[in-house]
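# Topology and contacts: notes
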Amino acid sequence: MPWLGSLRAHLVALTVVVIVPIVGFAIYLTVELGRAQQQAVERGLDDTVSALVTAVDRELVSSITTLRALATSRFLDGGDLAGFHEQARRVLASQADTGWTSVRLAAADGTPLMHTLITPGGAVPPDPDLPTLRATVATRQPAISSLALGPVTHQLGFGVRVPVVRDGAVRYVLTATLGARAMAAALASQHGAPDRIAVLYDRNDAIIYRTVNAERLIGTLVTPRLAEQSRGRQTGKLDDVNREGTPVRSVFQRSPLSGWVVAVGIPRRVLYAPERRSLTTIFAAGLAVIGLSAGLALVIERRIRRPIAALTTAVQAVGRGEPPGAAVGKLREVTEAFGALERAAALLTERHQTQVAARAEAEASSRAKDQFLAVLSHELRTPLNAVFGWARMLRAGQLDATATARALEAIERNAHAQVQLIDDLLDVSRVVSGKMRLDVQPVDLVSVVEAALDAVRPAAAAKDLRLQTVLDPKAGPVTGDPARLQQVVWNLLINAVKFTPRGGRIQVHLQRINSHVEIVVSDSGQGIAADVLPFIFDRFRQADSSSTRAHSGLGLGLALVKHLAELHGGGVEAQSAGEGRGATFVVKLPLSLADLGSGPLPRVHPVTSTLQTPAGVRLDGVRVLVVDDKPDALELAAAILSAAGALVRTAASAGEAFEALQRWRADVLVSDIEMPGEDGYALIRKVRALEPERGGKTPAVALTAYGRVQDRMLSLSAGYNMHVPKPVDPGEFTTIVASLAGRATPDDAAAGGYTPRP
């Protein structure tokens, strides 16, 4: 095939060699991102199942608590079953909205004594589940029966049993029967997730409740594979086909209280849909790019081939002694070759010249042709790498000082773009793999912003852009990685420089808004279209991704801004009134615990001279337990309270704090909300569940970066006495702790109205 050695074939091959690795790399990244998304979905299923198990147990514990209260009835002390029957009916009426259908009483040997649906003295049917009744008597602990058909209601339900102990022995077993739909509330969170199906089934694999087709499937068995995989196991995952015939990925967990199992399944087509869509898009885009590039290569080949063909024809004409004709195309080398051929033809037509002169003219023509072919070869192999050429010259040592500086500038200019691209790709890879690490320390945001501004000023000056700044020196305090925060600001600024036309304006604001700090970068550039704005922070996505786009790059800068802002506990948002109307980017960073003035805190135990408290407010002898997973926050809170005279102990987790409360009775508990493992809400609920003499009524304050109204409501409803958003003034913090400890005023403290717990 002659065309294999043609210029066209070489250009097409060069195009494919350049584009195919890029497409392959994009496919690789897509597959990796798809796997990460699947793992995230499965982790979400684990969290959902755990939450549903907790909700089911909470419903059962509520019923057990009510039954235990009923078990203390004075009517049972004297065996007054008629009086107890009336009391049980009143309790049953109060529990109607929780799914209770009846209350029954049996003797310890299983003899039925009373049923709320049967009048006193009537024949009470036997209990349908004697094994759990006997287990309640034997263990003296509550028990939950499996799903069964009620002997009186003839409806599917289950029993919650508690023992009735009198004189140190189990005299009765009290049972509340609940309908199967009583568990609907526990699984209600999944009703709004159409792509997920949650099912609750008992120890016999019978379905108690299901978020889809509940009426039809209650009482039937779960799928054999789910029953087999969950039997005897506490948690697990499996691939299954649900009762509707849909292949699903299921996660299950067994309740330690009831022995029941909660399983949540998501269709596999939903789980793998993002990866399939991304691969399809990549393949289609890759084929389109290859086709477009091949077409452009053919167009370029045609523009080069025509002058070369004309040159070949001209050479052949000169060989026949004919004029070469006019040059075709605008290639300078071809035009020069045509001139040489014309001169050669003129020499050949001059019959007066001697053979030597003719030969000399022919040699001159040949040299001109060779020169043209050398230049043509140079042009066909463009673009030659500037870095390679200058580096060779530097190595040869042939450049003076001025040329050396120019060479280094050219090398730096040509290499900088690739270095930046590689850095961005590596940063994205670290974020995706979870290996991005921050060097967290107190940050002066003014210095960070000014350093980023200094880095982009040359680029802005080259386009005659005006940089306007309004930086609040008191916009803090903030903790984070200064280098990464500078990278965030630099990316936003260089993005504004790229998309702002010559003579435009870029503004930078640093300001404190409520409980966070905002870095605002706005420009008067080309703006962002409304349909692009929701995806502006997506990786590898740009407003214009065609081969004729005006701006280069892979679209990683804004994606890195989003990732780095989120790693600092903040976020970023983009705003634009439309194309041609500029864009604004707002980075929000959370404030630190407290601002104790400029300069870093000395790493010594603070005293009153370094941490001032309001006059007269002292915490002498007050025991305070501080809980936070951030060491710097713990150290700062302990320093503030110790300076006021408090006895402070610290804990780095909710579990550690709960254990500390058992050993050391605190007068006040100060806890963060967001902590790994168990959060502050879980901690205060466990504390409030304790008896008062064990610390169940310990005053507590939630000291957290969550400052919304709904966050305050969550803290107070969970059991905290006060909700204080970070950062808090040290004096205010001391006053709050003093108030909770009983030191409401300096006079109270002076009067000795407070005595610390032993």
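All of these numbers come straight from a predicted model, not from anything done at the bench.

The rules behind the values
Residues numbered from 1 in each chain as written. Predicted model: local features only at pLDDT ≥ 70, side-chain atom pairs only at ≥ 80, totals over all residues. Heavy atoms only, no water. Helix = DSSP H or I, 4+ residues; strand = E, 2+ residues; numbered from the N terminus. Buried < 20%, exposed > 50% of the residue type's maximum accessible area, 1.4 Å probe, protein only. Contact = heavy atoms within 4.5 Å. Areas by Shrake-Rupley, 256 points an atom, 1.4 Å probe, with all protein chains shown as cover. Core = buried A, V, L, I, M, F, W, Y, C linked by side-chain atoms within 4.5 Å. Pairing = 2+ DSSP bridges. Axes fitted to C-alpha atoms, helices over the stretch in contact; angles between N-to-C directions. Parallel < 35°, antiparallel > 145°, perpendicular 65-115°, else oblique. Nonpolar A, V, L, I, M, F, W, Y, C, P; charged D, E, K, R; others polar. Patch = residues over 30% accessible without salt bridge, like charges linked within 9 Å, V, L, I, M, F, W, Y side chains within 5 Å. Salt bridge = Lys/Arg side-chain N within 4 Å of Asp/Glu carboxyl O. Arc of directions from axis to C-beta.

Next up on the list: the overall build of the chain. Helix and strand counts for the chain come out as 20 helices and 23 strands. Buried residues in the chain amount to 42% of all 758 residues. Here the analysis covers contacts within the chain between residues at least 6 apart in sequence; of these, 63% occur between residues at least 24 apart. For the chain, the exposed surface amounts to about 39,800 Å²; the carbon and sulfur share of it is 56%.

Core analysis: the largest hydrophobic core is formed by 48 residues, its most contacted members being Val56, Phe84, Phe158, Leu174, Met183 and Trp260. With eleven residues, the single largest contributor to this core is helix H1 (residues 7–71). Not counting residues up to four positions away in its chain, the partners in contact with Met183 are Val56, Glu59, Leu60, Phe158, Leu200, Ile208, Tyr209 and Trp260. With 43 residues, the next largest nonpolar core counts Ala452, Ile506, Ile536 and Leu564 among its residues.

We note that Arg140 has phi near 60°; this positive angle belongs to a residue other than glycine. If you trace the backbone, Arg140 turns up in the loop between helix H4 (130–139) and strand S3 (143–144). A residue is classified by how much of its surface remains accessible, and Arg140, at 42% relative accessible area, is partly exposed.

Across the sheet, which stays open at both edges, the five strands sit in the order S20-S19-S21-S22-S23 with parallel pairing between neighbours. Looking at strand neighbours, the two that pair on one side only are strand S20 (647–651) and strand S23 (722–725), the edges of this open sheet. Averaged over all adjacent pairs, the angle separating strand axes in this sheet is 20°, with direction ignored. Of the pairings in the sheet, the one linking strand S19 (residues 623–627) to S20 comprises five bridges and is parallel in character. When the bridges of S20 are listed, Val624 appears paired with Val648. Of the strands in this sheet, S19, strand S21 (668–671) and strand S22 (700–704) touch helix H17 (residues 680–688), which is tilted by about 160° from S21.

Here we come to helix H14 (residues 557–567). Summarising burial for H14: eight of the eleven residues are buried, a large majority. Turning to H14, its buried residues number three or more, namely Gly557, Leu558, Ala559, Leu560, Val561, His563, Leu564 and Ala565. Phi turns positive one or two residues past the end of H14, at Gly569, with a value near 80°.

It is the contact of H17 with helix H18 (residues 709–718), at a shortest axis distance of 9 Å, that shows an interaxial angle of 25°. Judged on the interaxial angle alone, H18 and H17 are roughly parallel. Contacts from Tyr681, Ile684 and Arg685 in H17 reach Asp711, Leu714, Ser715 and Ala718 in H18. Of the residues in the contact of H17 with H18, the class split is four nonpolar, one polar and two charged.

A cluster of nonpolar side chains, contributed by Leu14, Val18 and Ile22, occupies part of the molecular surface with about 290 Å² of accessible area. Inspection of the secondary structure puts Leu14 in helix H1.

Restricting attention to buried positions, one finds in H18 the residues Asp711, Ser715 and Ala718. For H18, the angular spread of the buried residues around the axis is 70°, confining them to a single face. Opposite its buried face, H18 presents the exposed residues Val709, Met713 and Ser717, each directed more than 90 degrees away. Looking at the buried residues of H18, the elements they touch are H17, S22 and S23. Positive phi appears at Gly719, one or two residues downstream of H18, with a value of about 135°.

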